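# Understanding the architecture of this molecule
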Amino acid sequence: MDAPIRYARSGDVNIAYQLTGDGPFDLVLVPGFFSHLEIDREYPEYARFLERLGSFARLICFDKRGTGLSDRAIGLPDFETRMDDVRAVMDAAGSESAVLFGYSEGGPMCVLFAATYPERTRSLVLYGTYAKRCHPDDDYPWAPTWEERTMQAAELERTWGENVDLSTLAPNADAALGAWLLRRGRTALSPAGARDLILMNSSADVRELLSSVQCPTLVIHRTGDRDSRIEEGRYIAERIRGARFVELEGDDHLPSVGPDQILDEVEEFLTGARPATPSHRVLTTILFTDLVGSTARVQDLGDARWTALLDQHHKAVRRELGRFSGEELDTAGDGFLAAFDGPARAIRCALEIRRALAPLGLDVRAGVHTGEVERRPGEKPRGIAVHVGSRIASLAQADEVLVSSTTHDLVAGSGLDFVDRGEHVLEGIEGRRRIFAAR
């Protein structure tokens, strides 16, 4: 995001572009309907899309003439002029040859460039695009009619800033994506500009050029894409010699929805290696605590006094969690769920919680288990290890800290003392588990 925005001169027009990444080859991203270099990265998923491209290539992004930060009042350019803009940006960036990656409306321009400048096109990647945008015929029956395109253009001009046709472009969009697209659209284009661009793009027809593309080509399309039909992607791939076609699940047209699904294919195609899937499984020690006899205490004390006592309980537990570097994950009623990166700390914390609650007249029971859990950023851990910890806690008596045999074995030599409580069947857990009481 700190990369400077520069300008390339294409004839009399200034084209805004930006360089990021430091990969071994250049990749020019040709965007769809509109873009804005200063707004594009505000939506996290699209920022991730750009960052991943820049992780294996030197990424060259630009705003097409008439949009974003490029010169606006330049009339309706034809595709040849826009192709010259790509060449001007490459020249300004010092790129002799590059991968051309075009999505949606950017696809036909990439095809035209690859067919015209084969010596400057290293590879071609096309996502969610088409070969013809208007006037259906027997060869290409999926194109909209001219009446449909003019109606769409008029509707967009009338509702620009309030409508970006999310039901077609991203039926699974969340509120943040919708807000970002509206802001990006308002910033990148005026209502009249959006209308004119729709009509200009309607002239796209690169069917005759497909057989002239000589470079390695990857065509990606989502099965249920509502803007460009899956048949259009197949049409393109079948007519480019040696092209590889990849059909992905989903119905979102925009690459800002599920970008990794697309980029896994792109990275493997361009580098020969699919990125390793990051594992979210980590070894964690889980601690469950629960007050014993709390229902009876509520009846004895009344709601107000019990609430005050429960506040003292919470403060005491959190104080001990802080001392032993525990992470509070959840609080349900009068119990705590916490995670630790070391089993000995978890057990000692449980013992100190028991000691801290004694002066309050509160009896606590606790269960500790160490195992592999699924831990994604911002989410609570999930997995069988969490259930085992909960079931062990349910076996404990008042003021008892029970631990699994796994945790017991991991703290050998720590100075902690245990009593063998024998094997138990844990509800919903296969097999028998040996349990130990810490003291």
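The paragraphs below set out a description of the structure included in this document. (Residues numbered from 1 in each chain as written. Predicted model: local features only at pLDDT ≥ 70, side-chain atom pairs only at ≥ 80, totals over all residues. Heavy atoms only, no water.)

## Brief notes about helix H3 (residues 106–116)
Judged by how many residues are buried, H3 sits mostly within the fold: 9 of 11 residues are covered. Buried within H3 are the following residues: Gly106, Gly107, Pro108, Met109, Cys110, Val111, Leu112, Phe113 and Ala114. (Buried < 20%, exposed > 50% of the residue type's maximum accessible area, 1.4 Å probe, protein only. Helix = DSSP H or I, 4+ residues; strand = E, 2+ residues; numbered from the N terminus.)

## Considering the pattern of salt bridges
On inspection of all chains with the given rule, the structure shows 35 salt bridges. A salt bridge links Asp290 to Arg365, with the shortest nitrogen-to-oxygen separation between them at 3.2 Å. Of this pair, Asp290 sits in strand E9 (residues 281–292) while Arg365 sits in strand E12 (residues 363–374), placing them 75 residues apart in sequence. Across the pair Arg432 and Glu423 runs a salt bridge, and its minimum N-O distance is 3.5 Å. Overlapping salt bridges, with partners in common, bring together Arg48, Arg52, Asp260, Asp264 and Glu267 in one network. (Salt bridge = Lys/Arg side-chain N within 4 Å of Asp/Glu carboxyl O.)

## Considering the environment of Glu372
Relative to the helices and strands, Glu372 resides in strand E12. Glu372 sits 256 residues away from Thr116 along the chain, and the two C-alpha atoms are 55 Å apart. Every residue in contact with Glu372, bar those within four places of it in the chain, is listed here: Arg281, Val282, Leu283 and Ala385. (Contact = heavy atoms within 4.5 Å.)

## Looking at the side chain of Ser228
Structurally, the position occupied by Ser228 is in the loop between strand E7 (217–222) and helix H8 (230–239). Here Ser228 falls in the buried class, since its relative accessible area comes to 0%. In contact with Ser228, not counting residues within four places along its chain, are Gly128, Thr129, Tyr130, Arg133, His221 and His253.

## What about helix H6 (residues 175–188)?
Here H6 spans 20 Å end to end across 14 residues, near enough to the 20 Å set by a 1.5 Å rise per residue. Within the span of H6, buried status applies to Leu177, Gly178, Trp180, Leu181, Arg184, Gly185 and Ala188. One face of H6 carries all of its buried residues, which in axial projection span an arc of 165 degrees. (Expected span 1.5 Å × (residues − 1). Arc of directions from axis to C-beta.)

## Structural notes on the side chain of Asp252
Looking at where Asp252 falls in the secondary structure, it is placed in the loop between strand E8 (244–248) and helix H9 (259–271). At 5.2 Å, Arg222 is the nearest oppositely charged side chain to Asp252, a buried residue that forms no salt bridge. Those residues in contact with Asp252 that sit more than four places away from it in its chain are Tyr127, Leu169, Ala170, Pro171, Asn172, Arg222 and Val257. (Lys, Arg positive; Asp, Glu negative; His and termini not counted.)

## Concerning unusual backbone geometry
Residues other than glycine seldom take positive phi values, yet His135 does so here, at roughly 65 degrees. Inspection of the secondary structure puts His135 in the loop between strand E6 (121–127) and helix H4 (146–159). Its identity as a non-glycine residue notwithstanding, Ser325 has a phi of 60 degrees, on the positive side. Residue placement: Ser325 occurs in the loop between helix H11 (303–323) and strand E10 (327–332).

## Points about the pairing of strand E13 (residues 401–404)
Burial of E13 is two-sided: the residues Val401 and Val403 facing one way and the residues Leu402 and Ser404 facing the other way are all buried. When E12 meets E13, the two strands line up parallel, connected through 3 bridges. Bridge pairing in E13 links Val368 to Val403. This β-α-β element, E12 to helix H13 (residues 384–395) to E13, shows left-handed connectivity. Here E13 runs beside strand E15 (residues 432–438); their pairing, made up of 4 bridges, is antiparallel. Residue pairing for E15: Val401 is matched across the bridge by Ala438. (Pairing = 2+ DSSP bridges. Right-handed = clockwise from strand over helix to strand, strands pointing away.)

## As for the sheet that holds strand E1 (residues 5–10)
The strand order E1-E2-E4-E3-E5-E6-E7-E8 describes an open sheet built from 8 strands, whose pairing is mixed. Either end of the sheet is taken by a strand with one partner, and the two such strands are E1 and E8. On average, each strand axis in the sheet is inclined to that of its neighbour by 25 degrees, with strand direction left out of account. Pairing of strand E5 (residues 98–103) with E6 involves 6 bridges; the strand directions are parallel. Note on E6: the bridge partner recorded for Val99 is Ser123. (Axes fitted to C-alpha atoms, helices over the stretch in contact; angles between N-to-C directions.)

## Focus: the packing of aromatic side chains
Throughout the structure, instances matching the rule amount to 13 aromatic pairs. Ring geometry for Phe25 and Phe56: centres 6.5 Å apart, planes at 45 degrees, overall tilted. Of this pair, Phe25 sits in the loop between strand E2 (13–20) and strand E3 (26–30) while Phe56 is found in helix H1 (residues 44–56), placing the two residues 31 residues apart along the sequence. Across this residue pair, the class does not change: Phe25 and Phe56 are buried. Members of the aromatic cluster, joined through ring pairs, are Tyr43, Tyr46, Phe49, Phe101, Tyr103 and Trp180. The lysine or arginine in question, Arg184, covers the ring of Tyr46, its NZ or CZ lying 5.1 Å from the ring centre. Its end group placed over the ring of Tyr235, Arg239 keeps NZ or CZ at 3.6 Å from the ring centre. (Phe/Tyr/Trp six-rings, centres within 6.5 Å; stacked < 30°, edge-to-face > 60°. Lys NZ or Arg CZ within 6 Å of the ring centre and 35° of its normal.)

None of the figures reported here should be taken as evidence of function without further support.
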